[in-house]
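Okay, here's what each chain looks like letter by letter:
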Amino acid sequence: MFDYLIVGAGFAGSVLAERLAVSAGKKVLLIDRRNHIGGNAYDHYNDDGLLVHKYGPHIFHTNSHHVFEYLSRFTEWRPYEHRVRASVDGLLLPIPINLDTINELYGLSLTSFELKEFFASVAEPCEHVRTSEDVVISKIGRELYEKFFKGYTKKQWDLDPSELDASVIARVPTRTNRDDRYFTDTYQAMPLHGYTRMFENMLDHPNIKIMLNTDYQDIDGIIPYREMIYSGPVDEFFGFRYGKLPYRSLEFKHETVNKEVHQSAPVINYPNEHPYTRVTEFKYLTGQEHSKSAIVYEYPRAEGDPYYPVPRPENSELYQKYKALAEATANVHFVGRLATYKYYNMDQVTAQALALFDKLRAQRVIGEGEMETVVANGNGNGNGKHSSNGNGHRRKDGSA
Ligand SMILES: Cc1cc2nc3c(=O)[nH]c(=O)nc-3n(C[C@H](O)[C@H](O)[C@H](O)COP(=O)(O)OP(=O)(O)OC[C@H]3O[C@@H](n4cnc5c(N)ncnc54)[C@H](O)[C@@H]3O)c2cc1C
């Protein structure tokens, strides 16, 4: 008898498996219908020995010390600040739009102050900012919107930005300084030996059994368990009772090129040309040295694996119906991006999973007298290295 059946071995499922096994002494069966752990963050060495992210580039960034400290128990980090260029008018320009983007695009030499005035002069006032189009045009005007955003958004979502929630583009800032980093979070780093190795360390515990190539429906009713943690699609769990929750998918075309460097930035976005949205060169992310280089093209698709929930009001309403069913389902806890129909970054899903663990503990679902066994990394150097008992976990008394 397992205490927990955990469906999905991505961040949501793996964090909970680790916490329940290590910190609460629970017996956990972790299953995934894919043939690997790590969910969408899975990485592996390709036939040429290059480390690639199977489901597109995953860059870790967070402002949460708690999340960073927690994951640092399972990996060392490689400092990495992500940078993206957009191919516009034959130039490769920094994105998010900053001072250099505008100066290079228009052959100007504006100062930060002058750029603010420039944006103010081209911005089109909008009384009620409702759509993604409104967000951009009210900040930087129609021309920049058309050069940088309109085509990319159309390709990505197969919807015009005027049909998409303001929240989609609100994620992309515009800067008046020369900061060309894609993210500004306090912690920005990549797992030194990759995500999969980090997951392996996380799940290496005698209380955790892993079954791959297994859909939970294949074993439901056959393998006994007390509670379920479910990180798969919530509509699928309920047999699509109210209809399908819409997702946008991607097709990844991986390639190895026979040269050391393929492009001048980790990611190049193509808002206006080509059917793909962007090209990533993995060596920038992984720091790997190799005579060849691995790249991936992303082609947005209507069908395929569910990647991006489509943020439109009618979809939120549909999700609310499934959420009500989920809340009324005893002994099943829904967690992660598919089970809560929300685009979450990896750190947000980690935080959500840690919060669920705390909730289960507070509700005493986990049981009394079970104590925290993993102590915080107290060395304060933030590199996440600590001595351990060999499997990355500390013993019950907290010693290594
Ligand atoms: C292209 C792309 C790029 C991204 N880039 C970044 C980035 O740079 N930085 C960042 O922080 N985040 C990024 N993300 C988001 C990141 O992928 C998610 O935050 C993270 O994967 C969520 O983890 P999860 O455990 O909720 O879901 P998942 O990783 O999807 O894991 C869910 C798992 O459940 C399994 N499953 C589902 N149903 C069943 C079933 N019935 N039975 C058995 N198993 C099942 C699936 O096979 C899957 O492995 C990106 C996402 C995409 C799509």
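Refer to the structure presented above.
Structural notes, computed from the coordinates. In this text the structure is predicted, and so the values were computed from the model without any measurement.

## Remarks on the sheet that holds strand β7 (residues 84-88)
Argument step 1. Strand order in the open sheet made by the seven strands is β8-β7-β13-β14-β15-β12-β16, with mixed pairing throughout. Single-partner strands in this sheet number two, and they are β8 (91-95) and β16 (308-309).
Argument step 2. The sheet contact formed by β7 and strand β13 (residues 267-269) spans three bridges and is parallel. Paired with Val84 across the bridge in β13 is Val267.
Argument step 3. Running at roughly 160 degrees to β8, helix α3 (residues 99-106) makes contact with β7 and β8 of the sheet.
Argument step 4. Contacts from helix α5 (residues 132-157) reach β7, β8, β12 (247-257), β13 and β15 (293-301), with the element oriented near 100 degrees to β7.

## Here we look at the packing of helix α1 (residues 11-24) against helix α7 (residues 195-203)
Argument step 1. Put simply, α1 and α7 touch, their axes get as near as 9 Å, and they point 30 degrees apart. On the basis of their axis angle, the class for α1 and α7 is roughly parallel. Residues Ser14, Ala17 and Glu18 of α1 touch α7, and the partners they reach there are Phe199, Met202 and Leu203.
Argument step 2. A per-class count over the contact of α1 with α7 returns four nonpolar, one polar and one charged.

## Details of unusual backbone geometry
Argument step 1. In this structure, the amide linkage connecting Ile95 to the following residue, Pro96, adopts the cis form with an omega of 0 degrees.
Argument step 2. Mapping Pro96 onto the fold places it in the loop between β8 and α3.
Argument step 3. The phi dihedral of Phe240 falls on the positive side, at around 55 degrees, and the residue is not glycine.
Argument step 4. Checked against the element boundaries, Phe240 lands in the loop between α9 (234-237) and β12.
Argument step 5. Phi is positive for Asn331, which is not a glycine, with a value near 65 degrees.
Argument step 6. With respect to the secondary-structure elements, Asn331 resides in the loop between α11 (313-327) and β17 (332-334).
Argument step 7. Given 9 C-beta atoms within a 10 Å radius, Asn331 is considered exposed.

Basis of the calculations
- Residues numbered from 1 in each chain as written.
- Predicted model: local features only at pLDDT ≥ 70, side-chain atom pairs only at ≥ 80, totals over all residues.
- Pairing = 2+ DSSP bridges.
- Helix = DSSP H or I, 4+ residues; strand = E, 2+ residues; numbered from the N terminus.
- Contact = placed C-beta atoms within 7 Å.
- Axes fitted to C-alpha atoms, helices over the stretch in contact; angles between N-to-C directions.
- Parallel < 35°, antiparallel > 145°, perpendicular 65-115°, else oblique.
- Nonpolar A, V, L, I, M, F, W, Y, C, P; charged D, E, K, R; others polar.
- Buried ≥ 20, exposed ≤ 12 C-beta atoms within 10 Å, placed from the backbone.

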